[in-house]
Amino acid sequence: MKDATSIADLRLLAKRRVPRAFFDYADRGSYNEETIDANSADFKALKLRQRVMVDVSNRSTEVTLLGEKFAYPFAFAPTGLTGMQHADGEILAAKACEKANIPFALSTMSICSIEDVAAATSRPFWFQLYVMKNRNFAKQLVERAIAAKCSALILTLDLQVQGQRHRDIKNGMTVPPQIKLHNVLDMATKLPWAFQVLGSKHKTFGNLNGVEGMSGVKSLGQWISGQFDPALNWDDVAWIRSIWPGKLILKGVLDVGDAQKAVSTGADAIVVSNHGGRQLDGAPSAISRLPRIVDAVGNQTEILFDSGIRSGQDVLRALALGAKGCMMGKAFLFGLGAGGEAGVSKVIQIIGKELDVSMALTGRRTLAEIDDTVIDRG
């Protein structure tokens, strides 16, 4: 892993070390994967404007997000089954974020529970909430996040029903892994992973343990189809706001009208996101929708960006189009699968350095100097 110089390098390492079912879960998208491909293609189409002979000797990547100062303008997004990329994955990723001073967001569908991560870290993290039909369970999750001193709550808006992920079905992805011939043969080629993950006490959905009716849940698809509420609406945001005393982030906005409604709820930040291409296939890339949402509501709330970030140059592009900060899921999961906590730290190092160097080469010294003139319009 010491020779890895890019997120692409870490992805290849993770592919060799993580069983196919869990690697594909992290790596790919829904249906024909048009949207996940658009996320990547539309970033590449944004060319950066090179500037020369600018004094960039003193640069800073520091940012204030939701009232807190961080070393970089990016956070690790909430991702389900993180602990299946590497044993105790959520704990390791949170530790790496704490050391680097960037935000870490824990998913409802994590392997390590809210309490597990809180016990292993000293800095508050963000918690992501899915609202289920069982509102009492959702309320319990919020109360647990409060008890763990989480500094922000992320309410995901774009998963009332799940977009089908063909690869998950074909791979028979469950937690713990199904004992099927092709899974056993695959894991036999990844013995270090098997010894670590199967030997850990964290092997199921940690936040669901001990909750009535949830103990037998193994499949993410099973959980979503049975518990996620297609009736979820803006009134539920008001309910969450009433029981959560801290910063509230609404994640999963692509439409200007939805962005305006999200702001009207009093959210402290919204995340422009298409769920990493894992929900509505055929939806536009998130980066293509960022500028119009910034134009509509950017002066009313903090705008974060998610979906497609794979490099520091991508972070710079998103900031140039108006995002205050970025979130990334796949990139840090590749680092985690490639090398545990050290791999996650490597991701922060790679993307942080890429951002810093790209700022210099576009003539920017601080994040405040980054605007749409960073993009080369030809």
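The coordinates are above.
In this report, the structure presented in the accompanying data block is examined.

1. Structural notes on the layout of surface pockets
Then comes step 1: As a volume, the largest pocket reaches approximately 720 Å³.
Then comes step 2: Lining the largest pocket are 42 residues, with Ala26, Gly276, Arg278, Gly329 and Lys330 positioned closest to its centre.
Then comes step 3: Those elements that provide at least two residues to the lining of the largest pocket are α2 (20-27), α3 (34-45), α10 (220-227), α14 (312-320), β10 (325-328) and α15 (330-361).
Then comes step 4: In terms of residue count, the dominant contributor to the lining of the largest pocket is α3 (six residues).
Then comes step 5: Looking at the lining of the largest pocket residue by residue, the classes come out as 16 nonpolar, 13 polar and 13 charged.
Then comes step 6: Of the volumes computed, that of the second largest pocket is approximately 480 Å³.
Then comes step 7: Forming the walls of the second largest pocket are 21 residues, and the residues nearest its centre are Leu157, Asp158, Leu159, Gln160 and Gly252.

2. Structural notes on the side chain of Gln85
Then comes step 1: Tracing the backbone shows Gln85 in the loop between β3 (74-76) and α4 (89-100).
Then comes step 2: The exposure class of Gln85 is buried, given its relative accessible area of 3%.
Then comes step 3: There is a polar contact of 2.9 Å between the side chain of Gln85 and the backbone oxygen of Phe22.
Then comes step 4: Not counting the four nearest positions on each side in its chain, Gln85 is found in contact with Val18, Phe22, Phe23, Ala26, Trp193, Leu333, Leu336 and Gly337.

3. Looking at the pairing of strand β9 (residues 302-306)
Then comes step 1: For β9, the buried fraction is high: five of the five residues fall into the buried class.
Then comes step 2: Two elements, strand β8 (residues 269-272) and β9, share four bridges in a ladder whose sense is parallel. Considered in β9, the bridge of Ile270 is made with Ile303.
Then comes step 3: Tracing the backbone out of β8, into helix α13 (residues 286-297) and back to the parallel element β9 gives a crossover that is right-handed.
Then comes step 4: Considered for its hand, the β-α-β crossover made up of β9, α14 and β10 is right-handed.

Rules and cut-offs
- Residues numbered from 1 in each chain as written.
- Predicted model: local features only at pLDDT ≥ 70, side-chain atom pairs only at ≥ 80, totals over all residues.
- Heavy atoms only, no water.
- 1 Å grid on protein atoms, 1.4 Å probe; cavity = no way out; pocket = protein on both sides within 12 Å on 5 of 7 lines; lining within 4 Å.
- Points joined across faces, edges and corners; volume = space filled by probe spheres on them.
- Helix = DSSP H or I, 4+ residues; strand = E, 2+ residues; numbered from the N terminus.
- Nonpolar A, V, L, I, M, F, W, Y, C, P; charged D, E, K, R; others polar.
- Buried < 20%, exposed > 50% of the residue type's maximum accessible area, 1.4 Å probe, protein only.
- Polar contact = N/O pair within 3.5 Å; in protein donor to acceptor, adjacent residues only side chain to side chain.
- Contact = heavy atoms within 4.5 Å.
- Pairing = 2+ DSSP bridges.
- Right-handed = clockwise from strand over helix to strand, strands pointing away.

Just distances and angles here, no functional claims.
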